[in-house]
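Commentary on secondary and tertiary structure
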Amino acid sequence: MIKHITESEALEFVSNQNHKDKWHSDFNMWRKHLIVLANKWPQLKQFYRGAGKWLGYFDKELKGVYWYNISGDEIYDGYLISSKPGVGIKLGRYLNSNIIWKTNWSLCDEKYLKFNKRLGFEVKDTGKINDREVFLLWRQKKY
């Protein structure tokens, strides 16, 4: 089951996961990339405003969280943390099928590029956050 959850529920789940780097364990640090990269990709700045929304995937208990933010008819998503294989694809497909948007922006590093392409994203550009190569991704909804 997938449903909207509160930020505190999502961040509590995140804090209980075993992360290898601060990028995945600290949502507020992660979110700052929207401002850091706004000089290169100004379309990202609009998504830093507002709290955004959280989706949670439940299989008896919470198994994954996904953050997104909407601005007009555009959406940015990307903070996905799960404790069970396959949860990310389910959350990504839910976002595509159940949330109204025309253009979807996201970022990822090379490790998650194949995953995002499965969700229909295309690489629009590449850049760097501290020595870490990132890919600007986008997809458009076909109505």
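Just so we're clear, the structure is a prediction, and the values are computed from it rather than from any experiment. (Residues numbered from 1 in each chain as written. Predicted model: local features only at pLDDT ≥ 70, side-chain atom pairs only at ≥ 80, totals over all residues. Heavy atoms only, no water.)

Regarding the pairing of strand β5 (residues 103–108)
In terms of burial, β5 is a largely internal element, 6 of the 6 residues being buried. Burial along β5 is two-sided: the face carrying T103, W105 and L107 and the face carrying N104, S106 and C108 are both buried. Pairing analysis gives 3 bridges linking strand β4 (residues 74–82) to β5, with the strands arranged parallel. Note on β5: the bridge partner recorded for Y76 is W105. Taking the sense of rotation as the criterion, the β-α-β connection linking β4, helix α5 (residues 87–98) and β5 turns out right-handed. As judged from the 6 bridges shared by β5 and strand β7 (residues 132–140), these two strands associate in the antiparallel manner. Its bridge partner being in β7, T103 is matched across the sheet by Q140. (Buried < 20%, exposed > 50% of the residue type's maximum accessible area, 1.4 Å probe, protein only. Helix = DSSP H or I, 4+ residues; strand = E, 2+ residues; numbered from the N terminus. Pairing = 2+ DSSP bridges. Right-handed = clockwise from strand over helix to strand, strands pointing away.)

Considerations on helix α1 (residues 7–15)
Within the sequence span of α1, burial applies to A10, F13 and V14. Looking straight down α1, one finds its buried side chains confined to an arc of 100°; they lie on one side. Every exposed residue of α1 that faces more than 90 degrees away from the buried side is listed here: S8, E12 and S15. Elements that come into contact with the buried residues of α1 comprise β1 (2–5), α2 (22–25), β2 (53–59), β3 (61–71) and β4. (Arc of directions from axis to C-beta. Contact = heavy atoms within 4.5 Å.)

Focus: the sheet that holds β3
Strand order across the open sheet formed by 7 strands is β1-β2-β3-β4-β5-β7-β6, with mixed pairing between neighbours. Only two strands of the sheet have a single neighbouring strand rather than two, namely β1 and β6 (122–129). Across the sheet, the mean angle separating the axes of adjacent strands is 30° when strand polarity is ignored. Sheet topology places β1 next to β2; 4 bridges connect them, and they run antiparallel. Paired with I5 across the strands is W54, a residue of β2. Where α5 meets the sheet, it contacts β1, β2, β3, β4, β5 and β7, and its direction lies at approximately 35° from that of β3. (Axes fitted to C-alpha atoms, helices over the stretch in contact; angles between N-to-C directions.)

Observations regarding the pattern of salt bridges
For the structure on display, the rule yields 4 salt bridges. Notably, a salt bridge pairs D125 with K40, separated by 3.6 Å at the nearest N-O pair. Linking D125 in strand β6 with K40 in the loop between α4 (33–36) and β2, this pair joins segments that are 85 residues apart in sequence. Assessed through its relative accessible area of 30%, D125 is described here as partly exposed. The partly exposed category is assigned to K40, whose relative accessible area is 44%. One salt bridge connects K84 with D59, and the closest N-O pair in it is separated by 2.3 Å. One end of the pair, K84, is in the loop between β4 and α5; the other, D59, is in strand β2, and 25 residues separate them in sequence. Residue class for K84 comes out partly exposed when judged on its relative accessible area of 29%. Assessed through its relative accessible area of 31%, D59 is described here as partly exposed. (Salt bridge = Lys/Arg side-chain N within 4 Å of Asp/Glu carboxyl O.)

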